[in-house]
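# Commentary on secondary and tertiary structure
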Amino acid sequence: MKNDPLMFIDSFKLNNENMSNQEIFDSRYQKRSLKKYRLEDIKAMMLYRINVLCEIITKNGKIEGFVKELNEENIKVNAEDNKTYLVSLDDILDINILKL
């Protein structure tokens, strides 16, 4: 008995001429947006004076450190190399909370 696939699904091709009245959304090329709930979680933890270690991925690189201040425009991070970074929220692509 062979382990051949039971069914083969061929990928389809869009025929734009037949679909002129429909708007097409391609989910493969979506631009990633900053997760607002993560910012709210960080604000809540800072209210309870919990140190938040996070990884901030920006357009210029990656910053890993403790969040010291967060407002509507910027986030202030103390990195491991004893430097303080002030990052604009517009430049942030993603935030990962590493440790509480």
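Values in this document were obtained by computation on a predicted structure and should not be read as measured data.

Tallying secondary structure elements over the protein chain gives one helix and five strands in all. Of all intrachain contacts in the protein chain linking residues separated by at least 6 positions in sequence, the fraction that spans at least 24 positions is 48%.

Going through the model one piece at a time under the given rule, you end up with two salt bridges. Among the ionic pairs, aspartate 94 bridges to arginine 38, the shortest N-O distance being 2.9 Å. Of the two residues, aspartate 94 sits in strand β5 (residues 92-99) while arginine 38 sits in helix α1 (residues 36-47), which places them 56 residues apart along the sequence. Classification of aspartate 94 as buried rests on a relative accessible area of 8%.

Taken in spatial order, the five strands line up as β4-β3-β2-β1-β5 in an open sheet, and their pairing is antiparallel. Two strands lie at the open edges of the sheet, namely β4 (84-88) and β5, each paired on one side alone. If you compare each strand with its neighbour and ignore which way they point, the axes differ by 45° on average. Note: strand β1 (residues 53-58) against β5, six bridges, orientation antiparallel. Directly across from glutamate 55, in β5, lies its bridge partner asparagine 96. Against the sheet, α1 contacts β2 (62-70) and β5, and its axis sits at roughly 45° relative to β5.

Here is what the cut-offs are and how they apply
- Along each chain, residues carry numbers from 1 onward, in the same order as the chain's sequence is written.
- Two thresholds apply to this predicted model, a pLDDT of at least 70 for residue-level local features and 80 or more for giving and counting side-chain atom pairs, whereas whole-chain, interface and lining totals are computed over all residues.
- To obtain the side-chain values, all non-hydrogen atoms of the structure were included, while hydrogens and water were left out.
- Helix and strand labels come from DSSP, where a helix needs a run of H or I of at least four residues and a strand needs a run of E of at least two; each type is numbered from the N terminus.
- Whether two residues touch is decided by their heavy atoms; if any such pair falls within 4.5 Å, the residues are in contact.
- Each salt bridge in this description consists of a side-chain nitrogen of Lys or Arg and a carboxyl oxygen of Asp or Glu lying within 4 Å of one another.
- The buried label goes to any residue with under 20% of its type's maximum accessible area, the exposed label to any with over 50%, and the partly exposed label to all in between, with areas taken from a 1.4 Å probe on protein chains only.
- By this definition, two strands are paired if DSSP reports at least two bridges between them.
- A fitted line through C-alpha atoms represents every axis, and for helices the fit uses only the stretch in contact; the resulting angles, taken between N-to-C directions, go from 0 to 180 degrees.

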